[in-house]
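# Chain and residue survey
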Amino acid sequence: MERVAPPWVARAAKLPTATLHEAGGRIGVLPPQIKPVGRSMRLSGPVVTVHSPGGDNLWLHRALYVAQAGDVLLVHVSGAPAYGYWGEIMSTAARHRGLAGLVIDGCVRDADLLEDIGFPVFAAGLCIRGTGKDHQARGWINFPLRLDELTVHAGDLIVGDRDGLVAVPRESAPAVVAAAEQREATEAGVLQRIAAGERTLEVYHF
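Calculation criteria
- Residues numbered from 1 in each chain as written.
- Predicted model: local features only at pLDDT ≥ 70, side-chain atom pairs only at ≥ 80, totals over all residues.
- Heavy atoms only, no water.
- Disulfide = S-S within 2.5 Å.
- Buried < 20%, exposed > 50% of the residue type's maximum accessible area, 1.4 Å probe, protein only.
- Helix = DSSP H or I, 4+ residues; strand = E, 2+ residues; numbered from the N terminus.
- Pairing = 2+ DSSP bridges.
- Right-handed = clockwise from strand over helix to strand, strands pointing away.
- Contact = heavy atoms within 4.5 Å.
- Polar contact = N/O pair within 3.5 Å; in protein donor to acceptor, adjacent residues only side chain to side chain.
- Salt bridge = Lys/Arg side-chain N within 4 Å of Asp/Glu carboxyl O.

## Structural notes on the state of the cysteines
- Taken as a whole, this structure holds zero disulfides when the rule is applied.
- Take C127: it sits in no disulfide, and the sulfur closest to it among the cysteines is that of C107, at 5.3 Å.

Structure follows, in structure tokens:
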């Protein structure tokens, strides 16, 4: 698995997800129902993709030990979100291994404890329903995932904040991050002009 280089991960971590999305040509929006469990949770890192059977989290446990420090697990739960796929124990294990976060289109549990642990978790909701551990159930790690209309590959860059999540293809991450930094600088100038009394209609030539 080739990963986006660490310097670009670090620079992307300082940027809003909306800016990365816009600077990349309005790319990479993950399902908006996936939100951070804690208000201050942010993440940035290369993706390890996990396709999990519905109602079973054994493949998530396996992925914890496939991923490397700095990686973000991106999990698809086969259209069965209403289970507690992740909780206190798995967050503790992930933090111990140095992972950068979890993004899952299913639910998690132990919300208060997850906030206390501080490991970034982005989930579609909360649910206490327990999961199975079927050793015969089929799953995949580091194969492409499709979430809504977006396909994400292992090694792509994913960034998350309170506004949402954006995935950036590994090959274009340097260009997108650089463009996003330039966009932030441009918008700082726009804010100064508005604060000085200009109207958005004139600033943007509407």
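The discussion continues.
## Observations regarding the pairing of strand β3 (residues 72–76)
- Counting buried positions over the five residues of β3 gives five, a clear majority of the element.
- Examined bridge by bridge, strand β2 (residues 43–51) and β3 share five bridges and lie parallel to one another. Within β3, the position partnered with H51 by the bridge is H76.
- Tracing the backbone out of β2, into helix α3 (residues 58–64) and back to the parallel element β3 gives a crossover that is right-handed.
- Taken together, β3, helix α4 (residues 88–97) and strand β4 (residues 101–108) form a β-α-β motif whose crossover is right-handed.

## Overview of the environment of N57
- Examined against the element boundaries, N57 turns out to sit in the loop between β2 and α3.
- Between the C-alpha atoms of N57 and G118, which are 61 residues apart in sequence, the distance is 21 Å.
- With near-sequence residues (within four places) excluded, N57 lies in contact with Y85, M90, T131, G132 and K133.
- Within polar-contact distance, the side chain of N57 engages the side chain of K133 at 2.8 Å.

## Remarks on the pattern of salt bridges
- Under the definition given, this model contains 10 salt bridges.
- Where R170 meets E171, a salt bridge forms, and the shortest distance between an N and an O atom there is 3.4 Å.
- According to the relative accessible area criterion, E171 is exposed, its value standing at 61%.
- Several salt bridges converge on common partners, so that one network encompasses E2, R170 and E171.

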